[in-house]
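Letter by letter, the chains look like this.
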Amino acid sequence: MANHARTCDRDPVDFDRHCLISKPIRSSFGKLCQYWNLTSENERDIARALNLLSRMEFERGYWDSEETKLHRIAECIINEEGKGFVAFLGDYLEQKMGNTQNASQLITAIRENGYSLCDLRSNPSLPNAINKLQVRFREALVPHLIDQKELKRPESEALLQLTLVPGKSRLIFVTGEPGCGKSGVLLQLMDLLDQQEIPHLPIRLDTDYPEKSVRTFSKENLDLPRSPSQCLRSYAGEQRAVLLIDQLDAIRWTSRNSQKAWEICKEILDDALHFQELSVVVVGRTMDFEDDPKIKHWKQEIANSDAVSIEGFTVGALAEEDVAALVGNYGMIYASLLPKEKEILRNCQNLRLWTELAKHGTVQVFSNRAQLLQRVWEHYKRKACSEDNLSNSDMHECLNVLVSSMERHGRLNAPRTLISCHPNAVETFKRLGIISIDGSRVRFSHQSHLDYLIIESILNKLLHGEEKPIHWLKSSKQSLGRRDQVRLLLQLIRDEDSVIYLIFLREIFSGEDIRFHIQHLVLTTLGQVTEPMDGEVELVK
């Protein structure tokens, strides 16, 4: 409400019309006015309440206790759990109070009480473990690049320079819109780090989802003896090193379990930032860094400390000349494309999808990303049936199992065993580059495929009168991960049924329980329409 009060310029009429759109918010505003001895129906009292609200600034906090921090520090010293070690150390020092103790005596006491000191420098498995993570990172990305080749991006050189600035530890947030090629830039950054022999350790949070604890995540997911930052720092010695965290949005795809995953991720990052000669590169979508309260609070905490330098870095659209050259390689004339098509193809993922169609001469006109995804999936399904003799039932059952599991658990991957009874479908999807398998987990090559399949199912239901889109939206958590899905659904419904589309729009803006970030997204999507319908124009007047 405080944010709304500022955005409506303290105008009571504007506030009532655009901000008090749901019963819960209106009820909360009424209760607040009662606490202030004001009447929520009186325009003068509303103005006074808005004046008070507009002066308020709220911050949601996620603080670790000092005791928890102490336990983490202890686990950097010994191989066992930190809680018991801190208790032992407290008792030991209390007993020895008033006596002089040297380091060797303390080390002896630690060992005699069953604790072992951590010494990663003598661990022979560490170099191999870090190398395996580098190889795994590359193998997860390269098959899904355009023609399995890296597009030369100038951002990678600029990002390298940021990571190597000497001095205090550095935290670099790499942001960009979905599909803009952030992971590809990271891959090129790794090439540059290799060329200069700079130690680096990459982690993909969509394939290695953090659960339980940092120690468990490090050992079971990454095959590292300790936390990633401790291992990297020990491996690099006094040399500058770079920790790379890709796909931060994977822990925020839905709100389910995201709090625990974020706590683990935050602990890894905080641990890394204690080392002066360590740069940390964190990659995610722009909206995750700008809109998530946990991340915003953590960034502010870091910014208040002089020990860490924070940098923002944006990966933008592809250069038009690069897109034109690639389109020409497929025998097509770039100048013949519509302006909207040229704009859409400056997104790396969209361009890759387009090349899948261009290889087989099945490119059709498209006016938005949803249409392009729709064309690609129609192409995939035709190829699966005609070339691999895959039955429609086997294909759809396999996809439905994957999508349902990922939706239900709020994960971007699923257990491989779920699709073990569809071996033909799995091999076909792997050959087409739709899915990738890493150990016991399976995932789509890009999140856009998962988003599209979710929306395709919703679209089919609403076109058959089985579900209304507003019911689907209200029944979900309306998390930030829903934004791309809502955009795709709007674009597809607009093409399929303009009546249902306009009703959906009105329900989003006038209905209850629709979160503001969803409404803002819909307004942005409307603003991108080149030839608006009369109903769209009427709606935004």
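Data block above holds the structure.
In this report, the structure presented in the accompanying data block is examined. As the structure is a computational prediction, the values presented were derived from the model and not from experiment. (Residues numbered from 1 in each chain as written. Predicted model: local features only at pLDDT ≥ 70, side-chain atom pairs only at ≥ 80, totals over all residues. Heavy atoms only, no water.)

Our next topic: the pattern of salt bridges. What the rule picks out here adds up to 25 salt bridges. In this structure, the salt-bridge partner of Glu-211 is Arg-411, at a minimum N-O distance of 3.4 Å. Taken together, the residues Glu-211 in the loop between strand 2 (200–204) and helix 11 (214–221) and Arg-411 in the loop between helix 20 (392–409) and strand 6 (413–415) connect sequence positions 200 residues apart. Taking relative accessible area as the criterion, Arg-411 reaches 12% and is therefore assigned buried. With its nearest N and O atoms 3.0 Å apart, the salt bridge here joins Arg-431 to Asp-388. With Arg-431 in helix 21 (residues 423–431) and Asp-388 in the loop between helix 19 (369–387) and helix 20, this residue pair connects regions lying 43 residues apart in the sequence. For Arg-431, a relative accessible area of 44% gives the class partly exposed. Note on Asp-388: relative accessible area 29%, which makes it partly exposed. (Salt bridge = Lys/Arg side-chain N within 4 Å of Asp/Glu carboxyl O. Helix = DSSP H or I, 4+ residues; strand = E, 2+ residues; numbered from the N terminus. Buried < 20%, exposed > 50% of the residue type's maximum accessible area, 1.4 Å probe, protein only.)

Before going further, it helps to examine the side chain of Glu-155. As for its placement among the helices and strands, Glu-155 is situated in helix 9 (residues 154–163). Glu-155 sits in the buried class, given a relative accessible area of 13%. Glu-155 has contacts with Val-185, Phe-313, Thr-314, Val-315 and Gly-316, leaving out every residue within four places of it along the chain. (Contact = heavy atoms within 4.5 Å.)

With their axes 11 Å apart at the nearest point, helix 3 (residues 23–35) and helix 4 (residues 43–54) run at an angle of 95 degrees to one another. The orientation of helix 3 relative to helix 4 falls into the category roughly perpendicular. Within the contact between the two elements, helix 3 uses Phe-29, Leu-32 and Cys-33 and helix 4 uses Ile-46, Ala-49 and Leu-53. Among the residues forming the contact of helix 3 with helix 4, the class breakdown is six nonpolar, no polar and no charged. (Axes fitted to C-alpha atoms, helices over the stretch in contact; angles between N-to-C directions. Parallel < 35°, antiparallel > 145°, perpendicular 65-115°, else oblique. Nonpolar A, V, L, I, M, F, W, Y, C, P; charged D, E, K, R; others polar.)

A few words now on the pairing of strand 4 (residues 278–283). Along strand 4, six of the six residues are buried, which leaves the element largely enclosed by surrounding structure. Note: strand 3 (residues 241–246) against strand 4, five bridges, orientation parallel. Opposite Ile-245, over in strand 4, you have Val-282 as the bridge partner. (Pairing = 2+ DSSP bridges.)

With that settled, consider empty space enclosed by the protein. Remark: the empty space left among the atoms is shown by a probe the size of a water molecule rolled over them. Taken as a whole and judged by the stated rule, the model has one cavity of 30 Å³ or more. The wall of the largest cavity is formed by 38 residues, among which Leu-141, Gly-179, Ser-183, Gln-349 and His-446 lie closest to the centre. Contributions of two or more residues to the lining of the largest cavity are made by helix 8 (126–141), helix 10 (182–195), helix 18 (348–358), strand 8 (441–444) and helix 22 (447–463). The element best represented in the lining of the largest cavity is helix 10, accounting for six residues. A per-class count over the lining of the largest cavity returns 13 nonpolar, twelve polar and 13 charged. (1 Å grid on protein atoms, 1.4 Å probe; cavity = no way out; pocket = protein on both sides within 12 Å on 5 of 7 lines; lining within 4 Å. Points joined across faces, edges and corners; volume = space filled by probe spheres on them.)

Within the sequence span of helix 9, burial applies to Glu-155, Ser-156, Leu-159, Leu-160, Leu-162 and Thr-163. Along the axis of helix 9, the buried positions cluster into a sector of 160 degrees, meaning they face one direction only. (Arc of directions from axis to C-beta.)

Moving on, we get to the packing of aromatic side chains. Across all of its chains, the model carries eight aromatic pairs by this definition. Considering the side-chain rings of Phe-173 and Trp-298, the 6.0 Å spacing of their centres and the 85 degrees angle between planes classify their relative orientation as edge-to-face. With Phe-173 in strand 1 (residues 169–175) and Trp-298 in helix 15 (residues 293–303), this residue pair connects regions lying 125 residues apart in the sequence. Here the two residues Phe-173 and Trp-298 agree in accessibility, since each one is buried. Cluster of aromatic residues (ring-pair linked, three or more members): Phe-85, Phe-88, Tyr-92 and Tyr-115. One residue, Arg-204, lies across the ring of Phe-137, its end atom 6.0 Å from the ring centre. Above the ring of Phe-173, the side-chain terminus of Lys-299 is found at 4.9 Å from the ring centroid. (Phe/Tyr/Trp six-rings, centres within 6.5 Å; stacked < 30°, edge-to-face > 60°. Lys NZ or Arg CZ within 6 Å of the ring centre and 35° of its normal.)

All right, on to the layout of surface pockets then. Size it by volume and the second largest pocket reaches roughly 1,300 Å³. Around the second largest pocket, the lining comprises 48 residues; the ones closest to its centre are Arg-72, Ile-73, Glu-267, Asp-271 and His-274. At ten residues, helix 13 (residues 258–272) tops the list of elements feeding residues into the lining of the second largest pocket. A breakdown of the residues in the lining of the second largest pocket according to their chemical character gives 17 nonpolar, eleven polar and 20 charged.

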